[in-house]
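The primary structure of each chain is shown beneath.
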Amino acid sequence: MESAQRKMIVGGNWKSNGTVQSIKDLVNDVLNKAEFDTERVEVIVAPISIHIASVKALLKENVKVAAQNVSETGNGAFTGEISAEQLKDFDVQWTYIGHSERRNVFGETDAQVANKVAKAQSVGLNAIVCIGEHLEQREAGETNMVLKKMLDAFKDSVKDWSKIVIAYEPVWAIGTGKTASPAIAEETHKYIRSWVKENVSEEVANGMRIQYGGSVTAATAPELISQPNIDGFLVGGASLKAEFKDIITAMNNSESTA
Ligand code: PEP
């Protein structure tokens, strides 16, 4: 499968932001006004968990809702956790796993990421699994090694690769205003796709959607999305603004897919 056949995918990560009113405004004024072809672009947004119900109710059908995180446990005596089963039961079809802030602020380990992937897979939940290197690691030439370790760690948790999207998010680019250059992002996405080819199969590698995340804006999106191995974005800050609509439009109008 050529890149032309991979449906682009953009996720908005609202992190721990928003009020009942601001999120309502964002849905009505931005997301529900975005025009795009759902055959070309898949759009997903991740509100905080207590906003999921209202966002689902307000959104038009062309945008899906994701959880920002999922528990590595099942249901039971695990205070504060939301299980994969509960997301599925609530008709939430997507979750992010291993976001940089989960890993670096809350100390989530590769082993926990692997458990979460296994839980998501066990109920058929789609997961966007995030990986990325720190600046010192890139400067030391360790990027591919770091990414390989993160990918190796959850590989055996996956039974159905069609329910996995990989988000490459260099830690140095998240929330810093320093978007990776298209060349750097493309080179790294190419490495990730080669890992999938070597460790899973050529077919899965060709179909795998790999998002770039890290200070994506409406200005940087067009050139990034034109790279052959970049299939979409994970967007933090800009997904809370009207600009998110422009990022969706840039994807919809890009020539990287047929
Ligand atoms: C993110 O939260 O995954 C992210 C990429 O944030 P930002 O776009 O603000 O860098």
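Placed above this text is the structure.
Residues numbered from 1 in each chain as written. Predicted model: local features only at pLDDT ≥ 70, side-chain atom pairs only at ≥ 80, totals over all residues. Heavy atoms only, no water.

A.B. asks: Lay out the overall build of the protein chain in plain terms, naming residues and giving numbers.
C.D. replies: For the protein chain, the helix and strand inventory stands at 11 helices and 8 strands. Relative to its length of 258 residues, the protein chain is compact, with a C-alpha radius of gyration of 17 Å against a globular reference of 18 Å. With the principal axes as the frame, the protein chain shows a C-alpha extent of 45 × 45 × 35 Å. Considering only intrachain contacts with a sequence separation of at least 6, the fraction spanning at least 24 residues in the protein chain is 74%. Carbon and sulfur atoms make up 49% of the accessible area of the protein chain, which amounts to about 11500 Å² in all. Here the protein chain contributes 27 positively and 34 negatively charged side chains, and the mean placements of these two sets differ by 2 Å. (Helix = DSSP H or I, 4+ residues; strand = E, 2+ residues; numbered from the N terminus. Rg over C-alpha atoms; globule rule 2.2 N^0.38 Å. Contact = heavy atoms within 4.5 Å. Areas by Shrake-Rupley, 256 points an atom, 1.4 Å probe, with all protein chains shown as cover. Lys, Arg positive; Asp, Glu negative; His and termini not counted. Charge placed at Lys NZ, Arg CZ, Asp CG, Glu CD.)

A.B. asks: Summarise the site of the ligand; cite the residues concerned and give the values.
C.D. replies: Close to the ligand lie 14 residues, the nearest being K15, H99, E169, G175 and S215. Measuring from an oxygen atom of the ligand, one finds a side-chain N or O atom of K15 at 2.8 Å. Note that an oxygen atom of the ligand is positioned 2.7 Å from one of the backbone N or O atoms of S215. Coverage of the ligand by the protein chains reaches 96% of its 290 Å² of free accessible surface. A breakdown of the residues in the shell around the ligand according to their chemical character gives 4 nonpolar, 8 polar and 2 charged. (Near = heavy atom within 4 Å. Polar contact = N/O pair within 3.5 Å; in protein donor to acceptor, adjacent residues only side chain to side chain. Nonpolar A, V, L, I, M, F, W, Y, C, P; charged D, E, K, R; others polar.)

A.B. asks: Would you mind going over the pairing of strand β4 (residues 94-97) in detail, with residue names and values included?
C.D. replies: Of the two faces of β4, the one lined by W94 and Y96 and the one lined by T95 and I97 are each fully buried. Of the strand pairs in this sheet, strand β3 (residues 63-67) and β4 are connected by 2 bridges, and their pairing is parallel. Bridged to A66 within β4 is W94. Handedness of the β3-helix α3 (residues 84-89)-β4 crossover: right-handed. The pairing of β4 with strand β5 (residues 126-131) spans 4 bridges and is classified as parallel. The residue bridging Y96 from the neighbouring strand is I128, located in β5. (Buried < 20%, exposed > 50% of the residue type's maximum accessible area, 1.4 Å probe, protein only. Pairing = 2+ DSSP bridges. Right-handed = clockwise from strand over helix to strand, strands pointing away.)

A.B. asks: Give me the sheet that holds β5: which residues, what numbers.
C.D. replies: Strand order in this closed barrel of 8 strands is β1-β2-β3-β4-β5-β6-β7-β8, and the pairing throughout is parallel. With strand direction ignored, the average angle separating the axes of adjacent strands in the sheet is 30 degrees. Taken together, the 3 bridges between strand β2 (residues 41-46) and β3 define a ladder with parallel strand orientation. Each residue of the ladder has a partner; that of V45, found in β3, is V65. (Axes fitted to C-alpha atoms, helices over the stretch in contact; angles between N-to-C directions.)

A.B. asks: An account of unusual backbone geometry is needed here, citing residue identities and associated values.
C.D. replies: The backbone of K15 shows a phi angle near 50 degrees, a positive value even though the residue is not glycine. The partly exposed category is assigned to K15, whose relative accessible area is 22%. The phi dihedral of S215 is positive, around 55 degrees, even though this residue is not glycine. Residue classification places S215 among the buried positions, given a relative accessible area of 18%.

A.B. asks: Please give an account of the packing of aromatic side chains that cites residues and values.
C.D. replies: Here a ring pair, both rings aromatic, is described through the centre-centre distance and the interplanar angle of the planes. Tallied over the full model, the rule gives 3 aromatic pairs. Look at Y168 and Y212: their rings are 6.3 Å apart centre to centre, the planes differ by 55 degrees, and that puts the pair in the tilted class. Of this pair, Y168 sits in strand β6 (residues 164-168) while Y212 sits in strand β7 (residues 210-213), and the two are 44 residues apart along the sequence. Each member of the pair, Y168 together with Y212, is buried. By way of ring pairs, the aromatic residues F154, W161 and W195 are connected into one cluster. Here the guanidinium or amino end of K56 rests over the ring plane of F90, the centre of that ring lying 5.7 Å away. (Phe/Tyr/Trp six-rings, centres within 6.5 Å; stacked < 30°, edge-to-face > 60°. Lys NZ or Arg CZ within 6 Å of the ring centre and 35° of its normal.)

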